[in-house]
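The primary structure of each chain is shown beneath.
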Amino acid sequence: MDKAILVLNAGSSSIKFSIFVVPEAGELRAIASGQVEGLGTAPRLKARDGSGQSIAEKSWDTSEVATHAQALQRIAELLRSRFDGGMLAGVGHRVVHGGADYSAPALISEAVISRLEAFVPLAPLHQPHNLAAIRAVQEVQPDLPQVACFDTAFHRTQDTVGQLYGLPWEYYERGVRRYGFHGLSYEYIAATLPAVAPEVADGRVVVAHLGSGASMCALDHGHSVGSSMGFTALDGLMMGTRPGNIDPGIVLYLLQQEGLSAKQIEDLLYKRSGLLGLSGIGNDMRVLLASDAPRARLAIEHFVYRINRELGALAAVLGGLDALVFTAGIGENSARIRQLVCDKARWLGIELDEAANERGDARITRADSRCSVWVVPTNEELMIARHTRRLLGL
Ligand code: AMP
């Protein structure tokens, strides 16, 4: 019987899951995926099989499925009803923050969990839920090996200069440094480029991960040498509900002059800013693109402006640019946003092929474009499953 790996990605109000079958040889195969979302408001489960066909759709009262542990129980029930429970050989978790300690995935132990708990203040919206999912699996199946895969690990190849902030040195030693995030996505893209775009895979590449969270990463020979996100996932590009890089003086102003509490500022920066805050309409790029409201247009223009600003900065870190890669929800699906970014990036030698961009081809620049541009779907779940397979020797 083939073995299987369960991948879990626990967020503040959702748990996403995927099941991969581990063949004797060759690539892992996704046989099911889905999510429980709306925890705390309107919990519901959706799941699909490997071909994308719906296999479950349920909703519950908030009192029935209130916690991550209860959500996980419902996922386990579904999986047991469809698959042989004996298949499961391990669980891989997305863990947002691995701090300076982890430059690779880690087999979970009590010692690892307590080290990861120290990073909760650095990723308050994600880390507690990632750890809650690990605990919940431990309770149900204590002997099942679990692996933590970090969003920060891929960036640990960056040199000290790039990871520094201009604060007194002791802050760096205490861990106040630029960590970078979305590392599992960038690692997947770096691993995929040799097949999709062999002519640039070993060159100077900037990857734009544009989803509800958004960041950019500079790859040199497939290794991370710069990232737009920093100490926390608040830095860099403007996102769905986060402002990205802002003058730290604004935080002092809000504290000292406007009398906001730390909690209120956290709420403002994580949940009420970005596309949502600027547009006053919402954080879904599809809705903003379809809107005529002047502030929706302004929010989109600022989103694009910030991407181009960061693109210039990361091209400077790389000393030039051979390729730009778009990925994640907006990057993979919005020809309009890709076009707006590319039109402003002509100075880098980017010549967009508009028809290819509309079709969403893998390569969307003309043959004579000095710098090529690519659309590469990311797959963080597969990256986690690959790490889990390797670490568990499956
Ligand atoms: P992700 O976090 O990678 O799942 O991306 C989610 C975001 O992708 C959503 O907030 C949407 O705004 C955006 N998105 C998905 N499809 C499209 C599309 N066709 N056009 C524009 N934005 C999209």
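Residues numbered from 1 in each chain as written. Predicted model: local features only at pLDDT ≥ 70, side-chain atom pairs only at ≥ 80, totals over all residues. Heavy atoms only, no water.

Draft legend 1. Just the layout of surface pockets, in detail. In this structure, the second largest pocket spans a volume of roughly 520 Å³. In terms of lining residues, the second largest pocket is bounded by 15 residues, among which Tyr165, Thr232, Asp235, Ile246 and Pro248 are the most central. Taken together, the residues that form the lining of the second largest pocket break down as 10 nonpolar, 3 polar and 2 charged. (1 Å grid on protein atoms, 1.4 Å probe; cavity = no way out; pocket = protein on both sides within 12 Å on 5 of 7 lines; lining within 4 Å. Points joined across faces, edges and corners; volume = space filled by probe spheres on them. Nonpolar A, V, L, I, M, F, W, Y, C, P; charged D, E, K, R; others polar.)

Draft legend 2. Broad picture of the pattern of salt bridges. The full count for this structure, using the stated rule, is 17 salt bridges. In this structure, the salt-bridge partner of Arg386 is Glu27, at a minimum N-O distance of 2.6 Å. You can see Arg386 sitting in helix α15 (residues 380-392) and its partner Glu27 sitting in the loop between β2 (15-22) and β3 (29-37), a full 359 residues away along the chain. By relative accessible area, which is 25% here, Arg386 ends up partly exposed. (Salt bridge = Lys/Arg side-chain N within 4 Å of Asp/Glu carboxyl O. Helix = DSSP H or I, 4+ residues; strand = E, 2+ residues; numbered from the N terminus. Buried < 20%, exposed > 50% of the residue type's maximum accessible area, 1.4 Å probe, protein only.)

Draft legend 3. Region of the structure containing the environment of Thr365. Within the secondary structure, Thr365 sits in the loop between α14 (354-359) and β13 (372-375). With a relative accessible area of 5%, Thr365 lands in the buried category. Once the C-alpha coordinates of Thr365 and Trp169 are considered, the two residues, 196 residues apart in sequence, prove to be 44 Å apart. Once you skip the residues sitting within four places of it in the chain, Thr365 turns out to touch Ile350, Glu351, Leu352, Asp353, Cys371, Ser372 and Val373. A polar atom in the side chain of Thr365 sits 3.0 Å from the backbone nitrogen of Val373. (Contact = heavy atoms within 4.5 Å. Polar contact = N/O pair within 3.5 Å; in protein donor to acceptor, adjacent residues only side chain to side chain.)

Draft legend 4. Main features of the sheet that holds strand β11 (residues 223-227). Across the sheet, which stays open at both edges, the 5 strands sit in the order β11-β10-β9-β12-β13 with mixed pairing between neighbours. Strand pairing shows two members of the sheet lacking a second neighbour, β11 and β13, which therefore form its edges. On average, each strand axis in the sheet is tilted by 25° relative to the strand beside it, whichever way the strands run. In the sheet, strand β9 (residues 204-210) pairs with strand β10 (residues 214-220) via 7 bridges, with the strands oriented antiparallel. Looking at β10, one finds that Ala208 is bridged to Met216. Running at roughly 20° to β10, helix α11 (residues 294-318) makes contact with β9, β10, β11 and β12 (323-327) of the sheet. The sheet contacts of helix α13 (residues 335-344) involve β9, β12 and β13, and relative to β12 the element is tilted by about 155°. (Pairing = 2+ DSSP bridges. Axes fitted to C-alpha atoms, helices over the stretch in contact; angles between N-to-C directions.)

Draft legend 5. Quick peek at the state of the cysteines. Taken as a whole and judged by the stated rule, the model has 0 disulfides. There is no disulfide at Cys217, and the cysteine sulfur nearest it, in Cys371, is 15 Å away. With no disulfide of its own, Cys371 has Cys342 as its nearest cysteine by sulfur position, at a separation of 8.7 Å. What makes Cys371 buried here is its relative accessible area of 0%. (Disulfide = S-S within 2.5 Å.)

Draft legend 6. Spatial organisation of the site of the ligand. Taken together, Gly211, Ser212, Asn283, Asp284, Met285, Arg286, Leu289, Ala328, Gly329, Ile330, Asn333 and Ser334 are the residues near the ligand. A distance of 2.9 Å separates an oxygen atom of the ligand from a polar backbone atom of Ser212. Measuring from an oxygen atom of the ligand, one finds a backbone N or O atom of Met285 at 2.7 Å. Protein burial of the ligand: of its 500 Å² of free accessible surface, 71% is covered by the chains. (Near = heavy atom within 4 Å. Areas by Shrake-Rupley, 256 points an atom, 1.4 Å probe, with all protein chains shown as cover.)

Purely geometric numbers; function is a separate question.
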